[in-house]
Amino acid sequence: NAGVTQTPKFQVLKTGQSMTLQCAQDMNHEYMSWYRQDPGMGLRLIHYSVGAGITDQGEVPNGYNVSRSTTEDFPLRLLSAAPSQTSVYFCASSYRGTDYEQYFGPGTRLTVT
Amino acid sequence: GDSVTQMEGPVTLSEEAFLTINCTYTATGYPSLFWYVQYPGEGLQLLLKATKADDKGSNKGFEATYRKETTSFHLEKGSVQVSDSAVYFCALSGDAGGTSYGKLTFGQGTILTVHP
């Protein structure tokens, strides 16, 4: 199993540009989540999904959209990038059978100039 | 809502020293508790977990005990190594009666540096 994969690994955007961060998992997990990691603030939940076709907002959803058309994929869209979205983004998946311990992808480091 | 508070860092120790990183939480019901570790330039890995009161999670010489009476899950290691230098995150996942069911709420992270 590849686990949780994320692309790209690094990205630089200009203010106002849009882009999609890709996330995929091959473990058939029902839960998938997106977090952002900022210095001194731990990880904060952006959006999450409890299954295909079902998504909900986390703690910091503004400026981001998600959709979940398949169990495997959970892309995160930045609609109009802002410098405040400079961060490291992690995708994670989990399922009930392991007490929802989360399996993390390697992360995407995004810089918005 | 649910929350996790970790001791302020960073923590700097000499090799073979004893490590404690404090973690306390606020949650409804009976959450599951986790410690994750992030090595430089990498994603997060599960270090250990505990799913009910008085459970002890352990891995790679690290231990943490789920104390419901003090709402704590402190991480300990008897003798740290240089290779333990990393960022450590305490986290909880709420039970079915809580708002964070299936999601993780993280503490702010503690940077550990171990010198030879």
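Up top is the structure.
Residues numbered from 1 in each chain as written. Chains lettered and ligands numbered in written order. Predicted model: local features only at pLDDT ≥ 70, side-chain atom pairs only at ≥ 80, totals over all residues. Heavy atoms only, no water.

Caption draft 1: Expanded view of unusual backbone geometry. The step from T7 of chain A to P8 of chain A runs through a cis peptide bond, and the omega angle for that step is -5 degrees. Examined against the element boundaries, P8 of chain A turns out to sit in the loop between strand 1 (4-7) and strand 2 (10-13). A positive phi angle is found at E16 of chain B, which is not glycine, with a value near 80 degrees. Mapped onto the secondary structure, E16 of chain B falls in the loop between strand 2 (11-14) and strand 3 (19-21). Residue classification places E16 of chain B among the exposed residues on the basis of a relative accessible area of 61%. In this model, K60 of chain B sits at a positive phi of 55 degrees, which is unusual for a non-glycine residue. Secondary-structure assignment places K60 of chain B in the loop between strand 7 (56-59) and strand 8 (62-65). (Helix = DSSP H or I, 4+ residues; strand = E, 2+ residues; numbered from the N terminus. Buried < 20%, exposed > 50% of the residue type's maximum accessible area, 1.4 Å probe, protein only.)

Caption draft 2: Quick peek at the interface of chain B and chain A. Taken residue by residue, the interface counts 19 residues in chain B and 20 residues in chain A. Across the interface of chain B and chain A, roughly 1600 Å² is buried in total on both sides, 55% from carbon and sulfur atoms. At the surface where chain B touches chain A, the tally comes to one salt bridge. Residues K49 of chain B and E101 of chain A are paired through a salt bridge, measuring 3.0 Å at the closest nitrogen-oxygen approach. Here chain B is connected to chain A by five residue pairs in polar contact (both at pLDDT 80 or more). Elements represented by at least two residues in the side of chain B that touches chain A include exactly strand 5 (32-38), strand 6 (44-50), strand 10 (86-93) and strand 11 (104-106) of chain B. The dominant element in the side of chain B that touches chain A, judged by the number of residues it contributes, is strand 5 of chain B, at four residues. Considered class by class, the residues forming the side of chain B that touches chain A number eight nonpolar, eight polar and three charged. (Contact = heavy atoms within 4.5 Å. Buried area = accessible area lost by both parts, 1.4 Å probe. Salt bridge = Lys/Arg side-chain N within 4 Å of Asp/Glu carboxyl O. Polar contact = N/O pair within 3.5 Å; in protein donor to acceptor, adjacent residues only side chain to side chain. Nonpolar A, V, L, I, M, F, W, Y, C, P; charged D, E, K, R; others polar.)

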